[in-house]
Amino acid sequence: MKKLSLIALATALMSGVANAADAALLETNDFVGISFWLVSMGCLAATAFFFLERGSVAPAWRVSITVAGLVTGIAFIHYMYMREVWIGTGESPTVYRYIDWLITVPLLMLEFYFVLAAVKKVPSSVFWKLLIGSLVMLIGGYLGEAGYIQPFVGFVIGMAGWIYILFEVFSGEAGTLAAKAGNKSLQTAFSAMRIIVTIGWAVYPLGYIFGYLTGGVDVNSLNVIYNAADFLNKIAFGLIIWAAAMQNTRVSRS
Ligand SMILES: *C/C=C(C)/C=C/C=C(C)/C=C/C1=C(C)CCCC1(C)C
């Protein structure tokens, strides 16, 4: 298992090196480009970390750590391409970004489900509701950013999807289940995940506002803010789950 994930990582790494050989190079004053690089490398390190750590946590938590590694791994590959689009053209890599979100956001929603399921029996409707909220949020955002609809209309649709997700994790089915579970690690993980989805995710609509809704299109603000948000919400989110899993593993061993 460990060997396989290392081989996968090495292959991804080599394809990245091969890509870099014929691409435009990063300029010293291209701070947006630098932020693309930082997130790429953070995602690579996080992916290696999650796959290597997977075996150290109690079996019930392993799938959550695997999903965390998939999220950063998928983001790593997309960041290689996004970086190239940015450095080569100075344009927003909108389509790669949304493909990444379309895969990683549902995986993060699965994570909510698995964290609950690690200690409790949970109906799958919890996941489906979160998935529907995510799709509305991302489709609204994409249509607005890609110019299919007015940016403001896309924003309103995206916000509606996000607010629905917040409702679900605070007072809907998922929130109620977590409150009733009576497991300390689960509650710690779940409330940290709520903070991420509330405060961490709020950075994305801010990026959209500065990017599209304050007059003209500001690709610099848009991309720096989105990149910072990804760093926080993909890498830190995974680390929180890993920390809760380690804590729960220690408690059940002692
Ligand atoms: C790893 C990627 C993640 C966690 C991406 C999350 C993206 C969002 C929370 C996006 C939210 C948006 C709104 C709430 C309204 C405006 C449009 C979006 C899509 C930027």
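Keep in mind that what you see is a predicted model, and the values were worked out from it rather than measured.

Draft legend 1. Here's a closer look at the overall build of the chain. If you tally the helices and strands in the chain, you get nine helices and zero strands. Order of helices (α) and strands (β) in the chain, N terminus to C terminus: α-α-α-α-α-α-α-α-α. For a compact globule of 254 residues, the expected C-alpha radius of gyration is about 18 Å, and the chain comes in at 19 Å, within 12% of that figure. Projected onto its principal axes, the C-alpha positions of the chain cover 55 × 45 × 25 Å. Across the 254 residues in the chain, those meeting the buried criterion constitute 48%. Of the contacts made within the chain by residues no fewer than 6 positions apart, 75% connect residues no fewer than 24 positions apart.

Draft legend 2. Fine view of the pattern of salt bridges. On inspection of all chains with the given rule, the structure shows four salt bridges. Between arginine 97 and aspartate 230 there is a salt bridge, with the nearest N and O atoms lying 3.6 Å from each other. In this pair, arginine 97 is assigned in helix H4 (residues 94-117) and aspartate 230 in helix H9 (residues 219-253), connecting sequence segments 133 residues apart. With a closest N to O distance of 3.4 Å, aspartate 100 and lysine 234 form a salt bridge. Of this pair, aspartate 100 sits in helix H4 while lysine 234 sits in helix H9, placing them 134 residues apart in sequence. Side by side, aspartate 100 and lysine 234 carry an identical accessibility label, which is buried. Salt bridges here are not isolated pairs; linked through shared partners, they connect Arg97, Asp100, Asp230 and Lys234.

Draft legend 3. Local environment of a nonpolar patch on the surface. Taken together, the side chains of Ile77, Tyr81, Val95, Tyr96, Ile99, Leu102, Ile103, Leu135 and Ile139 define a hydrophobic patch exposed on the protein surface, amounting to about 720 Å² of accessible area. Elements with a contribution of two residues or more to the nonpolar patch: helix H3 (59-89), H4 and helix H5 (125-145). Top element by residues in the nonpolar patch is H4. It accounts for five residues. In this fold, leucine 135 is placed in helix H5. Look at leucine 135 and you get partly exposed, because its relative accessible area is 31%.

Draft legend 4. Inspection of empty space enclosed by the protein at higher detail. A complete count under the given rule lists one cavity of 30 Å³ or more for this structure. Lining the largest cavity are 19 residues, with Trp101, Met137, Leu138, Tyr204 and Pro205 sitting closest to its centre. Broken down by secondary-structure element, the contributors of at least two residues to the lining of the largest cavity are H4, H5, helix H6 (151-170), helix H8 (184-213) and H9. For the lining of the largest cavity, the residue count by class is 14 nonpolar, four polar and one charged.

Draft legend 5. Focus on the packing of H3 against H4. At a minimum axis distance of 10 Å, the contact between H3 and H4 shows a crossing angle of 170 degrees. When the axis of H3 is compared with that of H4, the two are roughly antiparallel. By residue class, the composition of the contact of H3 with H4 is 19 nonpolar, three polar and three charged.

Draft legend 6. Broad picture of the confidence of the model for the chain. A residue-level look at the chain finds 91% of positions with pLDDT of 70 or above and a mean pLDDT of 89. Averaged pLDDT values over the elements of the chain bottom out at 61 in helix H1 (residues 2-21) and peak at 97 in helix H2 (residues 31-53).

Draft legend 7. Quick look at the site of the ligand. Neighbouring residues of the ligand: 18 residues in total, closest Trp101, Thr104, Met137, Tyr204 and Lys234. When the ligand is considered free in solution it has 530 Å² of accessible area, and contact with the protein chains removes 100% of it. Top element by residues in the shell around the ligand is H4. It accounts for five residues. When grouped by side-chain class, the residues that make up the shell around the ligand number 13 nonpolar, three polar and two charged.

Draft legend 8. Inspection of the packing of aromatic side chains at higher detail. Tallying each qualifying case throughout the model produces 16 aromatic pairs. Pairing tyrosine 142 with tyrosine 148 gives two aromatic rings, centres 6.5 Å apart and planes at 40 degrees, and the pair type is tilted. Taking relative accessible area as the criterion, tyrosine 142 reaches 26% and is therefore assigned partly exposed. Through successive ring pairs, a cluster of aromatic residues spans Tyr98, Trp101, Tyr142, Tyr148, Tyr204 and Tyr226. One residue, arginine 83, lies across the ring of tryptophan 37, its end atom 3.5 Å from the ring centre.

About the cut-offs
- Residues numbered from 1 in each chain as written.
- Predicted model: local features only at pLDDT ≥ 70, side-chain atom pairs only at ≥ 80, totals over all residues.
- Heavy atoms only, no water.
- Helix = DSSP H or I, 4+ residues; strand = E, 2+ residues; numbered from the N terminus.
- Rg over C-alpha atoms; globule rule 2.2 N^0.38 Å.
- Buried < 20%, exposed > 50% of the residue type's maximum accessible area, 1.4 Å probe, protein only.
- Contact = heavy atoms within 4.5 Å.
- Salt bridge = Lys/Arg side-chain N within 4 Å of Asp/Glu carboxyl O.
- Patch = residues over 30% accessible without salt bridge, like charges linked within 9 Å, V, L, I, M, F, W, Y side chains within 5 Å.
- Areas by Shrake-Rupley, 256 points an atom, 1.4 Å probe, with all protein chains shown as cover.
- 1 Å grid on protein atoms, 1.4 Å probe; cavity = no way out; pocket = protein on both sides within 12 Å on 5 of 7 lines; lining within 4 Å.
- Points joined across faces, edges and corners; volume = space filled by probe spheres on them.
- Nonpolar A, V, L, I, M, F, W, Y, C, P; charged D, E, K, R; others polar.
- Axes fitted to C-alpha atoms, helices over the stretch in contact; angles between N-to-C directions.
- Parallel < 35°, antiparallel > 145°, perpendicular 65-115°, else oblique.
- pLDDT = per-residue confidence, 0-100.
- Near = heavy atom within 4 Å.
- Phe/Tyr/Trp six-rings, centres within 6.5 Å; stacked < 30°, edge-to-face > 60°.
- Lys NZ or Arg CZ within 6 Å of the ring centre and 35° of its normal.

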